[in-house]
Structures are given as structure tokens and as C-alpha cells.
Amino acid sequence: MTAAPARRIGIFGGAFDPPHRGHVALATAAVQQLALDELRVFPTGQAWHKARDLSPAAHRLAMAELAFAGVPHTSVDGRELERAGPTYTVDTLRELRLEFPDAQFLLVIGADQAESLHSWRESAEIARLATISIAARARPVSPATPFDASKLPPGRREPVELPPMPVSSTEIRRRAAAGEDISQLVPASVARYIDHHHLYPPH
Ligand code: ATP
């Protein structure tokens, strides 16, 4: 009897402050191209590598649920928001490994995050626990990137092809605070949520 293939679980973390169309496109592409059985989206707690204060966890969780509601096989997992102190991807991966001992984990990240992956806590352990799936991002990426995904063993990397989308949460916050239109950059449900809760008011 042959063993059933391992369940493929994608892991997609972010501040999602707010989630935007680039995130949704990346999640959709990852589910399809990586043939994921499941994609879990993890809004991060106060991430150690983001200097600014994030919007309250409850808002980011609610917006992520709205944004990813239409992506097949995808759910939002709020566990990192409940953790006291800084959040680390390696801790989440270890927890998931205990919950799903036989699954294959694929860490889905944009190219800008991949560039700094070497500085994440226990990055070698992350690469051991998960296959790394990097998507292109329309931002200049330094040529001398210290984390070279091509050096990972072939079984430990699976790229995601995504047409570069020049959208970022930073730009959306800037536009919202300036009273500019953001409707092209975020799902309609997220735009309504931001408006209703006055999330990014002018400074
Ligand atoms: P900020 O502008 O506040 O830094 P962000 O737009 O980079 O936010 P995050 O929540 O930090 O959004 O990103 C979560 C993940 O999504 C990261 O892995 C990031 O690389 C990826 N990502 C974000 N925007 C895009 C995009 N336009 N194309 C591809 N990947 C993206």
C-alpha cells in the first residue's frame, strides 16, 4: 500500500495593515500553483522587524478575514495575535508541526521579505521546517541579496509566479490619510471597513 501524499499547507504571514489586492493575488496564485490543500493566513502580532505601531489586532484580523474570504482553501489563523511579546515565524511553524506531523509546509513570502529572511529568528530552522515559496514583488530588490533562495536544496524551494503588483500597505495608509481614493488597491469589503472604522485618519 502506498502512503497518501503529504497534505500541503501554505503559510502566509503579514501585518495586513491593511490587506490589499497584492496579498489576495499572491494567496490565489499560491493556492493554485503550489497545489495547496490549505492556505493559512497569519496576521502577525507586533512583529519585531516592523518599527512602526500597527493598527489594533482586532481590526487587522477582521480585514484579513474580509480580504481572503473569496480565496479557495484559505482561512485566517489569528494565533500570532494572541501571543504575548514579539511573534516569530519559527514558533508558528513548530506549533503547526505538532498539530500536523505529516504535512508539508510551504512558507509563502514576497521577494522583499525573502531578502531579509536570513535575519529572521532561526532562519535555518525555518528552511528545515518549510519549503520556501517566493513571489516576485514590484520593488527594487538589492542585487546582493544575503538570502539566496537558489542555494536552498531543490526540494526546499518552490517559486510562485506573480505579475509584479506595485501595491503596498504603506502606500494605502498614505493615500487613506491624505483622503485619496484607495478603491483600486484593496478589496471593496476592506475599503468599506477602513472607511467605517476611520482606520487611517489624517495626521
Ligand atoms: P508595508 O507596506 O506596511 O510594509 P506590505 O504591503 O509589505 O506592508 P505585509 O503585510 O508586510 O504588506 O506583507 C505580507 C506579505 O505579502 C509579505 O511576504 C510581502 O512580501 C508580501 N507582499 C505584500 N505586497 C505584495 C505585492 N504587491 N506583491 C507580492 N507580494 C507582496
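Going by the structure above, here's the rest.
Residues numbered from 1 in each chain as written. Predicted model: local features only at pLDDT ≥ 70, side-chain atom pairs only at ≥ 80, totals over all residues. Heavy atoms only, no water.

A.B. asks: Any chance you could explain the packing of aromatic side chains here in plain terms?
C.D. replies: Any two aromatic rings considered together are summarised by their centre-to-centre distance and by the angle between their planes. A full pass over the atoms with the stated rule returns three aromatic pairs. Both rings, one in F12 and one in F16, keep their centres 5.4 Å apart while their planes meet at 75°; by these two values the pair is edge-to-face. Ring centres 5.5 Å apart and planes at 75° place the aromatic pair F16 and F68 in the edge-to-face group. On the criterion of sequence distance, the pair formed by F16 in the loop between β1 (8–14) and α1 (21–33) and F68 in helix α2 (residues 57–68) is long-range, its members being 52 residues apart. Overall, the relative accessible area of 2% leaves F16 in the buried class. Aromatic rings pair up to connect F12, F16 and F68 into one cluster. (Phe/Tyr/Trp six-rings, centres within 6.5 Å; stacked < 30°, edge-to-face > 60°. Helix = DSSP H or I, 4+ residues; strand = E, 2+ residues; numbered from the N terminus. Buried < 20%, exposed > 50% of the residue type's maximum accessible area, 1.4 Å probe, protein only.)

A.B. asks: Which parts of the structure should I look at to understand the side chain of R40?
C.D. replies: Inspection of the secondary structure puts R40 in strand β2 (residues 38–43). Of the residues examined, R40 reaches a relative accessible area of 14% and is grouped as buried. Only 2.7 Å separates the side chain of R40 from the side chain of E38, close enough to count as a polar contact. At 2.9 Å, the side chain of R40 forms a polar contact with the side chain of D77. Residues in contact with R40, not counting those within four places in the same chain, are I9, G10, I11, F12, S75, D77, R79, L96, E99 and F100. (Polar contact = N/O pair within 3.5 Å; in protein donor to acceptor, adjacent residues only side chain to side chain. Contact = heavy atoms within 4.5 Å.)

A.B. asks: Just checking my understanding: could you explain the sheet that holds strand β4 (residues 104–110) for this structure?
C.D. replies: What links the strands of a sheet is backbone hydrogen bonding, and the strands pair in either a parallel or an antiparallel sense. Ordered in space as β3-β2-β1-β4-β5, the five strands form an open sheet in which the pairing is parallel. Since the sheet does not close on itself, it has two edges, and those belong to β3 (74–76) and β5 (130–135), each with one partner. Each strand axis lies, on average, 25° off the axis of its neighbour in the sheet, ignoring direction. Contacts from α2 reach β1, β2 and β3, with the element oriented near 170° to β3. (Pairing = 2+ DSSP bridges. Axes fitted to C-alpha atoms, helices over the stretch in contact; angles between N-to-C directions.)

A.B. asks: Is there a simple way to think about the nonpolar core in this case?
C.D. replies: Most often, soluble globular proteins keep nonpolar side chains buried together rather than apart. Counting residues in each nonpolar core, the largest one holds 34 residues, and the members touching the most others are F12 and F68. Looking at this core, the elements that each hand over two or more residues are α1, β2, α2, β4, α7 (169–177) and α8 (188–197). One finds I9, L93, L96 and L129 within the second-largest nonpolar core, a separate group that totals 20 residues. (Core = buried A, V, L, I, M, F, W, Y, C linked by side-chain atoms within 4.5 Å.)

A.B. asks: Whenever I open this one, α7 confuses me. Can you help?
C.D. replies: Since the α-helix packs 3.6 residues into each turn, any two residues three or four apart lie on the same face. Within α7, burial applies to S169, I172, R173, A176 and A177. Along the axis of α7, the buried residues cluster in a sector spanning 125°; they form a single face. Where α7 is buried, its residues meet α1. Backbone geometry just downstream of α7 places G179 in the positive-phi region, at approximately 75°. (Arc of directions from axis to C-beta.)

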